[in-house]
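# Observations on the model geometry
Residue-level listing of the chains:
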Amino acid sequence: MKKNIWLDGMMGLVVGDALGVPVQFMTREEIKNRPEGGVTGMEAGGIYNMPEGTWSDDSSMALATLASIIEKKEANPADIMMRFVKWELNGEYTPFGEAFDQGNTCSSAIYRFAKLPDIKTCGSTGEYANGNGALMRILPACLYYYNRQKKVCASDDEVIEGIHAISGLTHNHIRSKMCCGIYYFMVKSIIDGVMKDSKPVVGALLQKGIDDGLKYYGRDISNLAEMVHLGRLFHLLEFRNVPEEEIRTTGYVIDSIEAAVWCLLTTDSYRDCMLRAVNLGDDTDTVAAIAGGLAGLYYGYEAIPMDWLAVIKKYEWIEQMCEGLE
């Protein structure tokens, strides 16, 4: 069966998001000590009291980006930002016609853009605006640029410039943009790896992606101070042995990319990766969405539990968008 990287990655992201929504903002101890125990499958409820299979802002912004890529046949930052406005203000790209769980940095950028539509100034540039709101939605742009590199031999410079532009719509500090760039290199390494007859282990593919990203960013000496923040990811054989209590799942972009990679390194299936991510607590939906995109690409759409897929809201619509791209 021919691989559809859009279906693998996007459904991996959306399902992870939906799995995490019911326990978002709960600590890992609170999740573990619930009467029903830790998360073992799709649930309803949570702080937003949503039905099972409900996805949040992570998926909405990723799907808005995907819809733009489909219609424009390119990754157009201005059009993507216009769709973010429609999501925030009109509830487009949502399960039930109303946006929820918006991050402050994303919302601030969207309202700035609505007032003054300038894609170069709407994103926040401050160091304290390094949340995970760009990383959580960057996957469709990564898939677009992966295909562009394969089809027209686009350079890494063109690709990363594009990734940075789309990240910078909301999170315009180099740290967030660099995490999105590193994520792209991991996406690229995973897709290339699963296309081989003998699929390498996920840790090796993640390490190659991180190494390629560090090599790219390391060409510019001004990036070195920022690269230090990613230090725990430099050597994944060591990082996979970091104990759970040292994995943080806040909304900080560094914590999120670390937690997502750690969940992939310490599990051997899509199901187990997602359950590990959401049971870590705190920003459960976003960590699972970030990890889910990578896990979906590695394990494939067919590895996503059918009982989870069956309850995903607007499943057919998402599937149709993805199938139209391959």
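Quick look at the structure, then. (Residues numbered from 1 in each chain as written. Predicted model: local features only at pLDDT ≥ 70, side-chain atom pairs only at ≥ 80, totals over all residues. Heavy atoms only, no water.)

### A few points about the pattern of salt bridges
If you walk through the whole model with that rule in mind, you get 16 salt bridges. Between Arg 34 and Glu 36 there is a salt bridge; the shortest N-O distance is 3.3 Å. For Glu 36, a relative accessible area of 53% corresponds to the exposed category. A network of salt bridges, in which partner residues are shared, links Arg 232, Arg 248, Asp 255 and Glu 258. (Salt bridge = Lys/Arg side-chain N within 4 Å of Asp/Glu carboxyl O. Buried < 20%, exposed > 50% of the residue type's maximum accessible area, 1.4 Å probe, protein only.)

### As for the side chain of Thr 284
Mapped onto the elements of the fold, Thr 284 is located in helix 14 (residues 284-299). Other than its neighbours up to four places away in sequence, Thr 284 contacts Gly 20, Val 23, Gln 24, Ile 31 and Val 278. (Helix = DSSP H or I, 4+ residues; strand = E, 2+ residues; numbered from the N terminus. Contact = heavy atoms within 4.5 Å.)

### Details of unusual backbone geometry
Most peptide bonds take the trans configuration, and most residues that are not glycine carry a negative phi. In this model, Phe 25 sits at a positive phi of 75°, which is unusual for a non-glycine residue. With respect to the secondary-structure elements, Phe 25 resides in the loop between helix 1 (5-20) and helix 2 (28-32). Look at Phe 25 and you get partly exposed, because its relative accessible area is 44%. Phi at Lys 73 is positive, roughly 60°, even though this residue is not glycine.

### Here we look at helix 12 (residues 253-265)
Its 13 residues give helix 12 an end-to-end C-alpha distance of 18 Å, which sits within 8% of 18 Å, the value for a rise of 1.5 Å per residue. The buried fraction of helix 12 amounts to 13 of the 13 residues, a majority that puts the element mostly inside the structure. (Expected span 1.5 Å × (residues − 1).)

### Focus on the nonpolar core
Grouped together as the largest cluster of nonpolar side chains are 115 residues, with contacts concentrated most on Tyr 183 and Leu 206. A total of 12 residues in this core trace back to one element, the largest contributor, which is helix 8 (residues 174-194). Not counting the four nearest positions on each side in its chain, Tyr 183 is found in contact with Leu 135, Ile 138, Leu 139, Cys 142, Ala 289, Ile 290, Gly 293 and Leu 294. (Core = buried A, V, L, I, M, F, W, Y, C linked by side-chain atoms within 4.5 Å.)

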